[in-house]
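Descriptive analysis of the structure
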Amino acid sequence: MILRGLHFSFDAGGDAALATLFYPGDDGRLDEARLTGQVPADDTDAPWPVVVLLPGINVVPDGYRWLAHRLVADGLCVVTYAAIGSLGPAGRGITPGIDLTALAPDTIGTRPSATALGPLLAQLAELAADDQSPVAGRVDLGRVVVGGHSAGGTAALHNSDPGWVSGLRAVFAYAAHTMVATTLGHGEAAVVPIPAQVPIMLLGGSDDGVIAASRDRYRTDDEAHDPVHRTFSEAIHRQQGDSWLVELADAGHFAICDPVDTTSGRSFLEPDPTTVDPAIRNLLGDLIATFIATSLGRPTDASLDRLVEHPSIRHWDRR
């Protein structure tokens, strides 16, 4: 099996977007792709559940390719994308696609806020139905896992309802929370609940310089600023023993990215975001892969109960 990427575009709620579907290719049939580069799929685990990765603001999707490698090896397919849209006062750039009006006090929780997610899954369905596509008939849109990083993780959390995301089975997020900016009309340091109709894994790093530097968006007081932990304790009301909070020791905001693109985004808020212990990233991949397998009822050699006892995990909780 080799990892292959199938590129396509879609309309992300009015914003142009480029996406890549990573799938397992059949390395025994490379000669068929000699002229086209289109490698036939490895059908061993097909049809594959779908993992959608929502990007952080101005974080290029290439940073998540390592995770696609990790998850495709487990019999999944993975979709990354970059929508180019409004970033408010920051102009335009890469965005996961968020309808901020859906997060206002009088509308939050009443409708989806992820503007790219529905169109992306619809386009993926068309691609999977195309007889000329190497993934035709091999994508299981009835088993969808949505994950995200930073603002993309926040969008994933806010849209954790299968009624809004067809086929949704689980949600994970790294360096994300649901404390809402005061400019949206909420009170200071307000953490808002999420639907959480599926298992949730909320991951973070103990040295997140971006979250620390962003506190002015949410509060003006001098109280401790810990929106990730507060999100797990206050925003997730699911109590079925399948939702997790995991904090990695000595990990920053961009521990989920490899490589880290230091030319855009806010990586300059951390001392050296490009230096991440490979063991930390491997552990992060194991946690996400095991959470997905457990949530989908798929066999796995690992156990979350064992993984959270790893010495590189500073804190964990379960509910």
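Quick summary incoming for the structure in this document.

Conventions and cut-offs
Every chain's residues receive numbers from 1 upward, in the order its sequence appears when written. Per-residue local features are limited, in this predicted model, to residues with pLDDT of at least 70; the limit for side-chain atom pairs, both in listing and counting, is 80 or more; totals at the level of whole chains, interfaces and linings are taken over all residues. Water and hydrogen atoms were dropped before computing side-chain values, which therefore reflect all heavy atoms in the structure. Secondary structure follows DSSP: runs of H or I at least 4 residues long count as helices, runs of E at least 2 residues long count as strands, and numbering of each begins at the N terminus. Our radius of gyration looks at C-alpha atoms and nothing else; its globule reference is 2.2 Å times the residue count to the power 0.38. A 1.4 Å probe rolled over the protein chains alone gives each residue an accessible area, and that area as a share of the maximum for its type sets the label: buried under 20%, exposed over 50%, partly exposed in between. Residue contacts are counted whenever heavy atoms from the two residues lie within 4.5 Å of one another. With residues, only the protein chains shown are counted as cover, and all accessible areas are computed by Shrake-Rupley using a 1.4 Å probe. His is not counted, nor are the chain ends, whereas Lys and Arg count as positive and Asp and Glu as negative. Note that the charge is assigned to NZ on lysines, CZ on arginines, CG on aspartates and CD on glutamates. The working definition used for a salt bridge is a side-chain nitrogen of Lys or Arg within 4 Å of a carboxyl oxygen of Asp or Glu. We call a set of buried residues a nonpolar core when its members are Ala, Val, Leu, Ile, Met, Phe, Trp, Tyr or Cys and they connect through side-chain atoms within 4.5 Å of each other.

**Some points on the overall build of the protein chain**
Helix and strand content of the protein chain: seven helices and ten strands. Taking 2.2 N^0.38 as the reference for a compact globule, 319 residues should give roughly 20 Å; the C-alpha atoms of the protein chain span a radius of gyration of 19 Å, in line with that estimate. Considered along the principal axes of its C-alpha atoms, the protein chain spans approximately 65 × 45 × 40 Å. Within the protein chain, the proportion of its 319 residues that are buried is 55%. Pairs at least 24 apart in sequence give 71% of the contacts found in the protein chain among residues at least 6 apart. In the form shown here, the protein chain has an accessible surface area of approximately 13,500 Å², with 48% of it arising from carbon and sulfur atoms. Of the side chains in the protein chain, 22 bear a positive and 40 a negative charge, and the two mean positions are spaced by 2 Å.

**Describing the pattern of salt bridges**
Going through the model one piece at a time under the given rule, you end up with 15 salt bridges. Here arginine 70 and aspartate 74 are joined by a salt bridge, their closest N and O atoms 2.9 Å apart. Taking relative accessible area as the criterion, aspartate 74 reaches 32% and is therefore assigned partly exposed. What emerges from the salt-bridge pattern is a single network uniting Arg70, Asp74 and Asp286.

**Focus on the nonpolar core**
Of all hydrophobic cores here, the largest spans 49 residues; its most connected members are Phe8, Phe10, Leu21, Val52, Tyr81, Val139 and Val146. The residues touching leucine 21, leaving out its near neighbours within four places in the chain, are Arg4, Gly5, Leu6, Phe8, Cys77, Val78, Val79, Leu124, Leu127, Val135 and Val139. In terms of nonpolar packing, the next biggest core, distinct from the first, is built from 44 residues, Val59, Val78, Ile288 and Leu307 among them.

**Digging into the side chain of threonine 290**
Its location among the elements puts threonine 290 in helix α6 (residues 278-296). In this structure threonine 290 touches Thr300, Ala302, Ser303, Leu304 and Leu307, once residues within four positions along its chain are discounted.

**Some remarks on unusual backbone geometry**
A cis geometry characterises the amide bond from alanine 46 onward to proline 47, with omega recorded as 0 degrees. Topologically, proline 47 is positioned in the loop between β2 (15-25) and β3 (48-54). Residue proline 259 is bonded to the preceding aspartate 258 through a cis peptide linkage, with omega at 5 degrees. As for its position among the elements, proline 259 is in the loop between β9 (244-248) and α6. You will see that alanine 175, though not glycine, has its phi angle at about 55 degrees, which is positive. By secondary structure assignment, the location of alanine 175 is in the loop between β7 (168-174) and β8 (200-205). Overall, alanine 175 belongs to the buried group, its relative accessible area being 3%. Of note in the backbone geometry, alanine 196 takes a positive phi value of approximately 45 degrees without being a glycine. Mapped onto the elements of the fold, alanine 196 is located in the loop between β7 and β8.

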